[in-house]
Number of protein chains: 2
Amino acid sequence: MTDQARAFVPGHVTGFFTSDDAPDPTEAGSRGGGLALSDGVTVTVRPAAETAVFLDGTAVGMSAVDRVLDALGVRGEVRGEADLPVGTGFGVSGAMALGTALAANAAFDCRLSTNELVTVAHGAEVQAGTGLGDVVAQARGGIPLRLEPGGPQVNVLDGIPARTRVEYVVRGELDTADILAGDTGALTAAGERALSAVVAEPTLSTFMEASRRFSREAGLLTPRARDIVEDVAGAGGTATMAMLGDTVVALGTGLSDAGYDPAVCRVHPGGATVLADEG
Amino acid sequence: MTDQARAFVPGHVTGFFTSDDAPDPTEAGSRGGGLALSDGVTVTVRPAAETAVFLDGTAVGMSAVDRVLDALGVRGEVRGEADLPVGTGFGVSGAMALGTALAANAAFDCRLSTNELVTVAHGAEVQAGTGLGDVVAQARGGIPLRLEPGGPQVNVLDGIPARTRVEYVVRGELDTADILAGDTGALTAAGERALSAVVAEPTLSTFMEASRRFSREAGLLTPRARDIVEDVAGAGGTATMAMLGDTVVALGTGLSDAGYDPAVCRVHPGGATVLADEG
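Residues numbered from 1 in each chain as written. Chains lettered and ligands numbered in written order. Predicted model: local features only at pLDDT ≥ 70, side-chain atom pairs only at ≥ 80, totals over all residues. Heavy atoms only, no water.

1. Focus on the overall build of chain A
Inclusion rule: Helix and strand definitions follow DSSP, with helices as H or I runs of at least four residues and strands as E runs of at least two, each counted in order from the N terminus. Each residue gets one of three labels from its accessible area relative to the maximum for its type: buried under 20%, exposed over 50%, partly exposed in between, using a 1.4 Å probe on protein chains only. Note on definitions: a residue-residue contact is assigned when non-hydrogen atoms from the two residues lie within 4.5 Å.
What chain A contains, in helices and strands, is 9 helices and 12 strands. Over its C-alpha atoms, taken along the principal directions, chain A stretches across nearly 55 × 40 × 30 Å. In chain A, which comprises 279 residues, the proportion classed as buried is 57%. Once local pairs closer than 6 in sequence are excluded, the contacts in chain A between residues at least 24 apart make up 77%.

2. Looking at the relation of the copies chain B and chain A
Here is the rule: Least-squares fitting of one copy onto the other uses the C-alpha atoms of those residues that reach a pLDDT of at least 70 in both copies.
The transformation that overlays chain B on chain A combines an axial shift of 0.0 Å with a rotation of 180°, and the residual RMSD is 0.0 Å. Such a turn and shift between the copies fits a two-fold axis. It is B:G270 whose C-alpha, among those of chain B, lies nearest the rotation axis, at 2.0 Å. The overlap is high: 100% of the interface residues of chain B also sit at the interface in chain A, so the same surface is used on both sides.

3. Let's talk about the sheet that holds strand 10 (residues 246–251) of chain B
Hydrogen bonding along the main chain pairs the strands of a sheet, whether they run parallel or antiparallel. All names here are of chain B. Keep this limit in mind: One requirement defines pairing of two strands: DSSP has to find at least two bridges between them. In this analysis an axis means a line fitted to C-alpha atoms, helices contributing only their contacting stretch, and an angle means the value between N-to-C directions, from 0 to 180 degrees.
The 4 strands are arranged 9-10-8-11 in an open sheet whose pairing can be described as antiparallel. Each edge of the sheet is formed by a strand with only one pairing partner; in this case those strands are strand 9 (239–241) and strand 11 (263–266). Put simply, the sheet's adjacent strands are angled 25° from each other on average, direction ignored. Across 6 bridges, the pairing between strand 8 (residues 165–172) and strand 10 is antiparallel. Bridged to V170 within strand 10 is T247. Contacting strand 9 and strand 10, helix 7 (residues 204–217) runs over the sheet at an angle of about 40° to strand 9. Against the sheet, helix 8 (residues 223–234) makes contact with strand 8, strand 9 and strand 10, and its axis sits at roughly 15° relative to strand 10, the strand it touches most.

4. A word on the pairing of strand 2 (residues 32–47) of chain A
Residues and elements named next belong to chain A. Burial runs high along strand 2: 13 of the 16 residues are buried. For strand 2 and strand 6 (residues 144–148), the ladder comprises 2 bridges, and the chain directions are antiparallel. For G33, the partnering residue across the bridge sits in strand 6 and is L145. Note that strand 2 and strand 5 (residues 76–82) share 7 bridges and pair antiparallel. When the bridges of strand 5 are listed, P47 appears paired with G76.

5. Points about the interface of chain B and chain A
Going by this rule: Using a 1.4 Å probe, buried area is obtained as the accessible area two parts lose upon being combined, added over both of them. The salt bridge definition used is simple: a Lys or Arg side-chain nitrogen within 4 Å of an Asp or Glu carboxyl oxygen. N or O atoms closer than or at 3.5 Å make up a polar contact, with two conditions inside protein: a donor-capable atom paired with an acceptor-capable one, and, for residues adjacent in sequence, both atoms drawn from side chains.
Taken together, the contacts link 25 residues of chain B with 25 residues of chain A. Buried surface at the junction of chain B and chain A, both sides included, amounts to about 2,000 Å², of which 48% is carbon and sulfur. The largest per-residue losses of area from chain B upon contact with chain A belong to B:R111, B:P161 and B:R163, which jointly make up 30% of the total buried on that side. At the boundary of chain B with chain A, the tally comes to 2 salt bridges. Put simply, B:R111 and A:E201 hold a salt bridge, and the shortest N to O gap is 2.7 Å. Inspection of the chain B/chain A interface yields 16 residue pairs in polar contact (both at pLDDT 80 or more). Residue assignment for the side of chain B that touches chain A shows that the elements contributing at least two residues are helix 2 (92–107), helix 3 (114–128), strand 7 (156–159) and strand 12 (273–274) of chain B.

This is the structure in structure tokens:
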């Protein structure tokens, strides 16, 4: 237990979602759909006398990460290197929680199973209020459909069997905790309609159409994101707003074709994983 | 639907397993544990007037592949390119069935979900008698633990959160259908003991130890495989026989250290996936 260990967690852009509360945080969460991205977060954990958490070299407070380490009964230095900005709809907080669980399990030889680690990270993220479904989606990878909420012991997952190039532009942050603390009834109803549409026809084009409709019906579409989504549509492409960030995601070359200068990545086919043994 | 599409399916070496029958082939299967491998099978499907199946350029009869195409209601040319030999315990037949399902869904725009395609391939493989658990393990990737049998609508999966280099040597074929058609009571009892041990401590070393014990208790360890496993142990490494092939798999550099000239691959962290859109 003097070794360090690393894990990679794909980013995750949510297209649509519900908010499903439950007394047990490992059973609470959300249903919905999203894209796991090859841009993600690499988390390194090494034992230390006091826990300290860094993101891209800067000390940060991340309640979900602290909760994961507490649940595993360990203290360590956690360093995340992110391809993606925090607070903009890419699941960076979920990635930090899940990456910490996977890397700490390896570094401290905790001997937990994958499902147990995902459950710990999911529960920590829900309790921290920073996300409802990113962790389980990031554990699966691909294009996850979350049919039932919660951690792996209770949830039901499926997926859209496709891959694609993804482009995105980030215009600003949104506070997930703030939005989830409000009345989520209308949001959940819109999320259920979107999920039904995609379950009936699990294709990328239906996913994007359902996501766009959700962002409008849930009242979450920002004016800046709406303008960009319309620009992409005008250029013949398909785009939607990332839930929850002032961020627009397009398939293929949608944003480039509309004259934007996007970041480019791909759907990441696999889920979060520890990296090669370094011990 | 004039496009071709491709899918990659990781190889899968089973360490231990049970045989769990059920009237519905999508609910039958096995519990057990194994390693998904970066060496696998790439399957290309294109529409054709008559179905034809090729493996590494040679026309083959593969009942599971025919059943998958029938279930999807399509006819096509299926071409598999395998990094691995067939009949030697790497799940090549399961990979052909699952790769055909994923690629045919894309080529023919069938609009099925990932779980639906895995269910079709798993049921086809069980009905063909060529495997019980490879397809669902190959759909998951990593180091899958199959806690409950069957397709994704009924099974329960977990995993060992680790990665490692894998070495293997192939000494000959075993007939899976032949063994599964016999009395599997003792085999299943041994498989249950192995699974219990690994669930209690989901680590690579426990997995290898449980697999070795299973191969002896189930009466499946061939003399040639036993000799090689003992050679690896004598050189300080850890190895086990692949279920079901006359094949030995070692972690790290176990076979090299014992003087063998093995093939080398890695645990494949992700599951089977369609490859980038070619349409």
